[in-house]
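The chain contents come next:
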Amino acid sequence: MNGVVVVTGAARGIGRAIAEKMAATGPLTVIGVDLAPELALAEQITPVQVDLTSQEGPAAVHQAVEASGVPLIGLVNNAGITRDSRLVNMSDESFRSVLEVNLGAAYRLCTELAPLMSDGASIVNIASRAYLGNFGQYNYSMSKGGLVGMTRALALSLAPAIRVNAVAPGLIASEMSMAIPEETRDRMVSAIPLERMGTPDEVANLVWFLLTPLSGYITGEVIVVGGGRSLS
Amino acid sequence: MIHWAPEVSDDWGEVLAALTRAFEATRAAAQAGDSIVYVVHNDDLLGRRGAGKAMVAAGLLSAARTAALEGIKDGWTVNVVAFSAGTDPETVADWADHLIESSDVTGEVLRIGPDHIGKALP
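Residues numbered from 1 in each chain as written. Chains lettered and ligands numbered in written order. Predicted model: local features only at pLDDT ≥ 70, side-chain atom pairs only at ≥ 80, totals over all residues.

**Section: the nonpolar core**
Okay, so step 1: Ranked by internal contacts, the top residues of the largest apolar core, which has 109 residues, are A:Val6, A:Val7, A:Val207, B:Val40 and B:Leu60.
Okay, so step 2: With 13 residues, helix α3 (residues 51-71) of chain B is the largest single contributor of residues to this core.
Okay, so step 3: Filtering out sequence-adjacent residues up to four positions away, A:Val207 remains in contact with A:Ile18, A:Val76, A:Val124 and A:Val167. (Core = buried A, V, L, I, M, F, W, Y, C linked by C-beta atoms within 7 Å. Buried ≥ 20, exposed ≤ 12 C-beta atoms within 10 Å, placed from the backbone. Helix = DSSP H or I, 4+ residues; strand = E, 2+ residues; numbered from the N terminus. Contact = placed C-beta atoms within 7 Å.)

Right under this line is the structure:
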């Protein structure tokens, strides 16, 4: 593969693992959105710090892609936040901020960058197993379900030139999951058939596969990386 | 509370407004202990009528599953009715009423019409 791949939420966790995996794979340029320059470990990773919920954010990423001088072959929409509470207590602000970051920013970036993508390019949206439902996450669950809907619609409208898929991680050892109280986290792990949290690298491996021609006949799918939790 | 997903364009502002109205109505219903049904178009769960409508329909389905989990203890339910093109709206309304009345079914999507057969599970 030769070209540029954009990864949002690249500063930490799953996004960082994806950016590093892509940077280590062949002659690729990786644009890491939300990545501070001092955190860019590999020289192939170009950091871009923008607010993707603003009008200017996606346009700035567009400019960075054009400045790279190579074709855009991949986009990974990974940036996400949580603002958990029970539905009956959920504030308007918690609802809106999660929808704007997790869904609106991803949609805006797809709209901005799709015209730049070359034939055979691939978009991967990082959803969550919470799209199947998760207590205390009405806003997050809705945003990730929306991302699944967007994935399906874009898979149809951008075919055959561009493939679009979603990855839905379950409990992954990241900053976000480490914020969960230990007792709760242990209880969650005990419900996972593989008896452990996943790693960011295990998600990155699947994203890498979906970005490469090895997955050339896969589009519009949602693949869960959850250790079997959807069955238990 | 029966909430019909509105027809939206692919404009993000319209999508966010539609999802926000659903959230506000659902939160009020949950606070009152009322059961909830979202009504969406089958085609939108598969993304066949554009990204805006797909984000609303699939977003509502996921939100329904989460709200259903939260309602178990308090005795209210949340379900989704997904109808195919050409379905009589009265038929849809009848099924939605039936789900509102039932305390045994929650977190489900009931598809009316055959369009979903052989297609992706939502």
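What follows picks up the thread again.
**Comments concerning unusual backbone geometry**
All names here are of chain A.
Okay, so step 1: In this chain, Ala159 is followed by Pro160 through a cis amide linkage whose omega measures 5°.
Okay, so step 2: Along the chain, Pro160 falls in the loop between α4 (138-158) and β6 (163-169).
Okay, so step 3: For Glu195, which is not glycine, the phi torsion reads 60° and is therefore positive.
Okay, so step 4: When you line up the elements, Glu195 lands in the loop between α6 (182-190) and α7 (200-211).
Okay, so step 5: For Glu195, a count of 10 C-beta atoms within 10 Å puts it in the exposed group.

**A short note on the sheet that holds strand β1 (residues 2-4) of chain B**
Residues and elements named next belong to chain B.
Okay, so step 1: If you walk across this open sheet you meet the four strands as β1-β2-β3-β4, and the pairing is parallel. What marks the edges here is a single partner per strand, and that holds for β1 and β4 (109-112). Taking each pair of neighbouring strands and ignoring which way they run, the sheet shows an average axis angle of 20°.
Okay, so step 2: Sheet analysis places strand β3 (residues 78-83) next to β4, joined by four bridges and oriented parallel. Counterpart to Val81 in the pairing with β4 is Leu110.
Okay, so step 3: Along the sheet, helix α4 (residues 89-101) contacts β1, β2 (36-41), β3 and β4; its crossing angle with β3, the most-contacted strand, is approximately 165°. (Pairing = 2+ DSSP bridges. Axes fitted to C-alpha atoms, helices over the stretch in contact; angles between N-to-C directions.)

**A look at α3(B)**
Okay, so step 1: Taking 1.5 Å as the rise per residue, α3(B) with 21 residues should run 30 Å; its terminal C-alpha atoms sit 30 Å apart, in good agreement.
Okay, so step 2: Along α3(B), 21 of the 21 residues are buried, which leaves the element largely enclosed by surrounding structure. (Expected span 1.5 Å × (residues − 1).)

**Here's the deal with the environment of A:Leu156**
Residue and element names in this part refer to chain A.
Okay, so step 1: Position of Leu156 among the secondary structure elements: in helix α4.
Okay, so step 2: According to the C-beta neighbour criterion, Leu156 is partly exposed, with 18 such atoms within 10 Å.
Okay, so step 3: In sequence terms Leu156 and Thr82 are 74 residues apart; their C-alpha atoms lie 29 Å from each other.

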